[in-house]
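Structure at a glance
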Amino acid sequence: MSRSFQKFQGYHVWGIEVFTTSEVEAINGTSVKLTCTFSSKEPVSLQTASVSWDFRSITADRPERIFYYQEIPYPIDKGLFKGHVQWSGDMKRKDASITLNNVHPGFNGTYFCQVANPPDVHANIGETVLRVVDKVTLSEISLLVAIIGGSCVVILVFLGIFVAVRMYKKRNKEKDIEIWIYSLRGNVSHVFIYHIIHCALIVPSHQLVVFFCFFFFYLRLNMFGCRYACSPAAAVHLTALKTK
């Protein structure tokens, strides 16, 4: 497993231009690909084109040859990189990449990719810095994902608090309305007693009319709750009936 910083470097010298990844990070014990591509003004000759890879450790002053390719790969058979370097390129596609297997901290350093394609033999040297670590560190993308995820969690928390507060206020408001209705109905019961007595005083000899007042108020109270059962207008009407 590796992480590459996709910043390619290339310098035009004569006919060949070499491109490599500037920095690569790999986990200890895994495999990592060192990318090297090139462009050439001349058609690539599979018989004469060649690729060489050199390595310079952090403590060394000079690089050492770790791989060579011309028609077929020539890995080294001794030293630190014995059995670790594998050809991963394709000269037809102008790819001169290699893969390092089972990397360890001793592979930390700078790797140099050189390409020759006669008659183009002068070219820049591609450089890649390899860092072997025990575990992968957070990249810029991983950090961005973590920030976005944390922001979403915070927004959801605040949204939940807002909804809970709104529901709490709505519930309390409904309770207040219910208390107000019951209180109003209690007041209506007093009005009921007043109007029944008033109706009875106006028409003491008409028991049927008094009963009608009771019944009419009962219907009004259950259907409309807050309105009077026997209004002053009804009392005037009953007085008119008595005079007739």
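One can find the structure itself at the top, above this paragraph.
Only a predicted model underlies this, so the values are computations on that prediction, with no experimental measurement involved. (Residues numbered from 1 in each chain as written. Predicted model: local features only at pLDDT ≥ 70, side-chain atom pairs only at ≥ 80, totals over all residues. Heavy atoms only, no water.)

Some points on unusual backbone geometry
That bond from proline 118 to proline 119 is cis: its omega, 10°, falls within 30 degrees of zero. Residue placement: proline 119 occurs in the loop between β10 (109-116) and β11 (126-133). Positive phi, close to 60°, is recorded for lysine 94, a residue that is not glycine. Tracing the chain through its elements places lysine 94 in the loop between β8 (85-87) and β9 (98-100). Relative accessible area serves as the criterion here: at 28%, lysine 94 is assigned to the partly exposed category. (Helix = DSSP H or I, 4+ residues; strand = E, 2+ residues; numbered from the N terminus. Buried < 20%, exposed > 50% of the residue type's maximum accessible area, 1.4 Å probe, protein only.)

Some remarks on the state of the cysteines
Enumeration over the complete set of coordinates arrives at one disulfide. Between the sulfur of cysteine 36 and that of cysteine 113 lies a disulfide, 2.1 Å long from S to S. Between cysteine 36 and cysteine 113, the S-S dihedral sits near -80°, and the bridge is therefore left-handed. Of this pair, cysteine 36 sits in strand β4 (residues 36-40) while cysteine 113 sits in strand β10, placing them 77 residues apart in sequence. Residues cysteine 36 and cysteine 113 agree in their burial class; the two are buried. (Disulfide = S-S within 2.5 Å.)

A few points about the packing of aromatic side chains
Under the criterion given, the structure shown has seven aromatic pairs. Consider the rings of tyrosine 69 and tryptophan 87, whose centres lie 4.1 Å apart with planes at 10°: the pair is stacked. With tyrosine 69 in strand β6 (residues 64-70) and tryptophan 87 in strand β8, this pair connects stretches of sequence that are 18 residues apart. Each member of the pair, tyrosine 69 together with tryptophan 87, is buried. Both rings, one in phenylalanine 81 and one in tyrosine 111, keep their centres 6.1 Å apart while their planes meet at 85°; by these two values the pair is edge-to-face. (Phe/Tyr/Trp six-rings, centres within 6.5 Å; stacked < 30°, edge-to-face > 60°.)

Examining the side chain of serine 57
Locating serine 57 in the fold gives a position in strand β5 (residues 50-57). Once you skip the residues sitting within four places of it in the chain, serine 57 turns out to touch Asn108 and Gly109. (Contact = heavy atoms within 4.5 Å.)

Describing the sheet that holds strand β3 (residues 32-34)
Across the sheet, three strands lie side by side as β3-β9-β8; this open sheet has antiparallel pairing. At either margin of the open sheet sits one strand with a lone partner, and together these are β3 and β8. Ignoring strand direction, the axes of neighbouring strands in this sheet form an average angle of 30°. As judged from the three bridges shared by β8 and β9, these two strands associate in the antiparallel manner. When the sheet's bridge partners are listed, glutamine 86 is paired in β9 with threonine 99. (Pairing = 2+ DSSP bridges. Axes fitted to C-alpha atoms, helices over the stretch in contact; angles between N-to-C directions.)

Just distances and angles here, no functional claims.
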